Amino acid sequence: MNAPAPMPKLHDCRDAFVAVLERLGAENPKVVAVCNDSVGSTKLGRFKELFPERLVNVGIAEQNLVGVGAGLANGGLLPFVCGAACFLTGRSLEQIKADIAYSNANVKLIGISSGMAYGELGPTHHSIEDFAWTRVLPNLPVIAPCDSIETAAAVEWAAGFDGPVFLRLSRVGVPDLLPHGHRFELGKADMLRDGDAVTLIANGTLTHRMMKAAGLLAARGIEARVLNMATVRPIDVEAVVAAARETGAILTAEEHSVFAGLGSAIAEVVVADMPVPMKILGVPGIFPPTGSAEFLLDEFGMSPASVAEAAVALIGRKRASLATS
């Protein structure tokens with residue numbers, strides 16, 4: 001008998017973030033971190049030890065958190081404003097809109113423990129609306145890396161980008177999918193697997209599940225394209241249109257509400273430029289209950305097996321549409 005394939009190593013993207021931030025701090029004295037009583041959960045402990053005068057802890061005061069970040073940027077510093085995504089976006093949305101996006105302040109917003117990563121803490125701590133809230137704001141790129149490699153590359157890119165950024169990171173371990181040395185490009189999707197039957201699109205913690213689903217489909221003779229769409233705004237229009245034209249069906253999955261998130265951003269392109277059958281998987285317009293992120297994703301139909309079955313059903317819709325056209 002063949003030995004089972006070894007389980008891939010899982011990485012916490014927060015570790016990749018702080019590793020780059022510490023290096024940037026050593027290279028650039030203008031790099032500062034701002035947090036909301038979250039030194040532990042944002043893993044900024046070593047940054048605090050290395051640069052004690054460059055860590056500002058405002059306490060549990062997220063509106064101040066963003067305002068202080070804006071002020072530091074206006075003073076010529078390079079602030080990374082870090083906090084739980086649910087509170088960073090929900091409690092300080094007006095400050096993000098007025099002080100950061102409208103002012104085009106050079107602030108890097110780092111929303112950690114995004115999606116349902118705080119699952120056991122319940123609906124108050126789920127962050128399933130942050131794509132919707134942030135992607136409508138002008139001047140604000142919205143990014144959700146799929147692994148630790150892309151996280152490091154996105155942090156590096158953000159530090160050199162002149163303007164605000166919202167970077168969405170989970171605390172749930174994920175395997176690395178992208179090659180070492182990967183360079184992040186804003187608004188550019190990565191094709192992780194090619195296929196012509198259907199396109200599976202995700203970002204963050206869902207990308208590796210889409211890859212597993214594609215493997216299950218391949219075992220059934222169905223070749224699925226997989227796109228890692230890390231940038232939610234600006235969306236990669238060219239990649240979406242090509243996927244619609246070349247595979248004829250698009251399925252998206254996200255650790256977010258099915259309303260106004262990644263799937264909606266892609267649907268906006270599809271309906272305008274290349275209409276094809278689509279399916280959006282995510283949280284179905286409810287407050288998710290208490291439970292681990294893995295459990296909740298499975299419950300909402302985003303296990304690899306469930307994604308594969310949804311893809312098969314979507315391919316059926318595509319064939320029916322072609323038959324009647």
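Nothing here was measured: the structure is a model prediction, and the numbers come from that model. Numbers given for residues are sequential positions, taken from 1 along each chain in its written order. Only residues with pLDDT of at least 70 are given local features in this predicted model, and only at 80 or more are side-chain atom pairs given and counted; all residues enter the totals for whole chains, interfaces and linings. Calculated side-chain values reflect all of the structure's heavy atoms, with hydrogen atoms and water omitted.

A.B. asks: Whenever I open this one, the sheet that holds strand 13 (residues 250-257) confuses me. Can you help?
C.D. replies: Sheet strands pair by backbone hydrogen bonding; their relative direction is either parallel or antiparallel. By this definition, two strands are paired if DSSP reports at least two bridges between them. Secondary structure elements follow DSSP: runs of H or I of four or more residues count as helices, runs of E of two or more count as strands, with numbering from the N terminus. Read from one edge of the open sheet, 5 strands run 9-11-10-13-14, paired in mixed fashion. Either end of the sheet is taken by a strand with one partner, and the two such strands are strand 9 (190-193) and strand 14 (278-283). Put simply, the sheet's adjacent strands are angled 25° from each other on average, direction ignored. Across 5 bridges, the pairing between strand 13 and strand 14 is parallel. Across the sheet, residue leucine 251 finds its bridge partner in strand 14, namely lysine 279. When checking whether two residues touch, look at their non-hydrogen atoms; a contact exists if any pair is within 4.5 Å. Note on geometry: axes are lines fitted to C-alpha atoms, helical ones only across the stretch in contact, with angles between N-to-C directions running from 0 to 180 degrees. Packing of helix 10 (residues 262-273) onto the sheet brings it into contact with strand 10 (198-202), strand 13 and strand 14, and relative to strand 13 it is tilted by some 145°.

A.B. asks: Would you take a moment to explain the pattern of salt bridges for this structure?
C.D. replies: A carboxyl oxygen of Asp or Glu within 4 Å of a side-chain nitrogen of Lys or Arg is what we treat as a salt bridge. Tallied over the full model, the rule gives 16 salt bridges. For arginine 135, the salt bridge identified is with glutamate 268, shortest N-O distance 2.7 Å. Highlighted residues: arginine 135 in helix 6 (residues 130-135) and glutamate 268 in helix 10, separated in sequence by 133 residues. We classify glutamate 268 as partly exposed; its relative accessible area is 44%. By sharing partners, the salt bridges in this structure join Asp12, Arg14, Asp15 and Lys43 into a single network. Partly exposed describes any residue whose relative accessible area lies between the buried limit of under 20% and the exposed limit of over 50%, with all areas from a 1.4 Å probe on protein chains only and scaled to the type maximum.

A.B. asks: Can you walk me through the sheet that holds strand 7 (residues 165-168) in this structure?
C.D. replies: Reading across from one edge, 3-2-4-5-7-6-12 is the order of the 7 strands in this open sheet, with mixed pairing throughout. The outermost strands of the open sheet, each flanked by one partner alone, are strand 3 (55-57) and strand 12 (231-233). Pairing geometry for strand 6 (residues 142-143) and strand 7, over 2 bridges, is parallel. Among the inter-strand pairings, valine 142 is bridged to a residue of strand 7, identified as phenylalanine 166.

A.B. asks: Would you explain empty space enclosed by the protein in this entry?
C.D. replies: To find leftover empty space, a probe the size of one water molecule is rolled over the atoms. Of the two site types, the cavity is a set of points on a 1 Å grid over the protein atoms alone where a 1.4 Å probe fits but cannot get out, and the pocket is an open set with protein on both sides within 12 Å along at least five of seven lines, each lined by residues with an atom within 4 Å of a point. Grid points are joined across faces, edges and corners, and a volume is the space filled by probe spheres set on the points. Evaluated as defined, the whole model comprises 1 cavity of 30 Å³ or more. Approximately 100 Å³ is the volume attributed to the largest cavity. As for the largest cavity, its lining consists of 15 residues, and the residues nearest its centre are Pro145, Leu169, Ser170, Gly204 and Thr205. Each residue gets one label: Ala, Val, Leu, Ile, Met, Phe, Trp, Tyr, Cys and Pro are nonpolar, Asp, Glu, Lys and Arg are charged, and the others, such as Gly, are polar. Each residue belonging to the lining of the largest cavity can be placed in one class, and the counts come to 7 nonpolar, 5 polar and 3 charged.

A.B. asks: What should I look at first to understand the state of the cysteines in this one?
C.D. replies: A disulfide bridge is the covalent bond that connects two cysteines by way of their sulfur atoms. Disulfides are defined as pairs of cysteine sulfur atoms found within 2.5 Å of each other. The full count for this structure, using the stated rule, is 0 disulfides. The cysteine cysteine 13 is free of any disulfide, with cysteine 146 supplying the nearest cysteine sulfur at 7.8 Å. On the basis of relative accessible area, cysteine 13 is assigned to the buried category, the value being 6%. Lacking any disulfide linkage, cysteine 82 is separated from the closest cysteine sulfur, that of cysteine 35, by 7.1 Å.

A.B. asks: In this structure, what is going on with the nonpolar core? I would like to understand it.
C.D. replies: Judged by nonpolar contacts, the single largest core of 38 residues is most densely connected at Leu109, Met229, Ile250 and Ile266. At the level of elements, helix 3 (62-74), helix 5 (93-102), helix 9 (237-247) and helix 10 are the ones that each hand at least two residues to this core. Filtering out sequence-adjacent residues up to four positions away, leucine 109 remains in contact with Val81, Leu88, Ile96, Ile100, Leu140, Val165, Phe166 and Leu167. In this structure, Val20, Phe47, Cys82 and Ile143 belong to the second largest nonpolar core, which totals 33 residues. Put simply, a nonpolar core is a bunch of buried Ala, Val, Leu, Ile, Met, Phe, Trp, Tyr and Cys residues held in one set by side-chain atoms that sit within 4.5 Å of each other.

A.B. asks: How do you make sense of the packing of helix 3 against helix 5 when you look at a structure like this?
C.D. replies: Between two packed helices, what matters for the description is the angle formed by their axes and the separation of those axes. Packing of helix 3 against helix 5 leaves a shortest axis separation of 9 Å and a crossing angle of 5°. If you check the angle between helix 3 and helix 5, you find them roughly parallel. Contacts from Gln63, Val66, Gly67 and Ala70 in helix 3 reach Gln95, Ile96, Asp99 and Ile100 in helix 5. The residue makeup of the contact of helix 3 with helix 5, split by class, is 4 nonpolar, 3 polar and 1 charged. Small angles under 35 degrees read as roughly parallel and large ones over 145 as roughly antiparallel, with 65 to 115 read as roughly perpendicular and the rest as oblique.

A.B. asks: What should I look at first to understand unusual backbone geometry in this one?
C.D. replies: Note: most residues except glycine have negative phi, and most peptide bonds are trans. Of the consecutive residues arginine 233 and proline 234, the connecting peptide bond is found in the cis state with omega at 0°. Although it is not a glycine, lysine 43 sits at a positive phi angle of roughly 60°. Locating lysine 43 in the fold gives a position in the loop between strand 2 (31-35) and helix 2 (45-50).

A.B. asks: For this particular structure, what's the right way to read helix 9?
C.D. replies: Along an α-helix, residues three or four apart share an orientation, since each turn contains 3.6 residues. Among the residues making up helix 9, those that are buried are Ala239, Val240, Val241, Ala242, Ala243, Ala244 and Thr247. Positive phi appears at glycine 248, one or two residues downstream of helix 9, with a value of about 75°.

A.B. asks: Please clarify how helix 5 should be interpreted in this entry.
C.D. replies: Within helix 5, the full set of buried residues consists of Gln95, Ile96, Ile100 and Ala101. Axial view of helix 5: buried residues confined to an arc of 150°, hence all on one face. For helix 5, exposure combined with an orientation more than 90 degrees from the buried face picks out Glu94, Lys97 and Tyr102. Residues of helix 5 that are buried sit in contact with helix 3, helix 4 (85-90) and strand 5 (108-112). Of all possible arcs, the one meant is that of the directions from the helix axis to the C-beta atoms.

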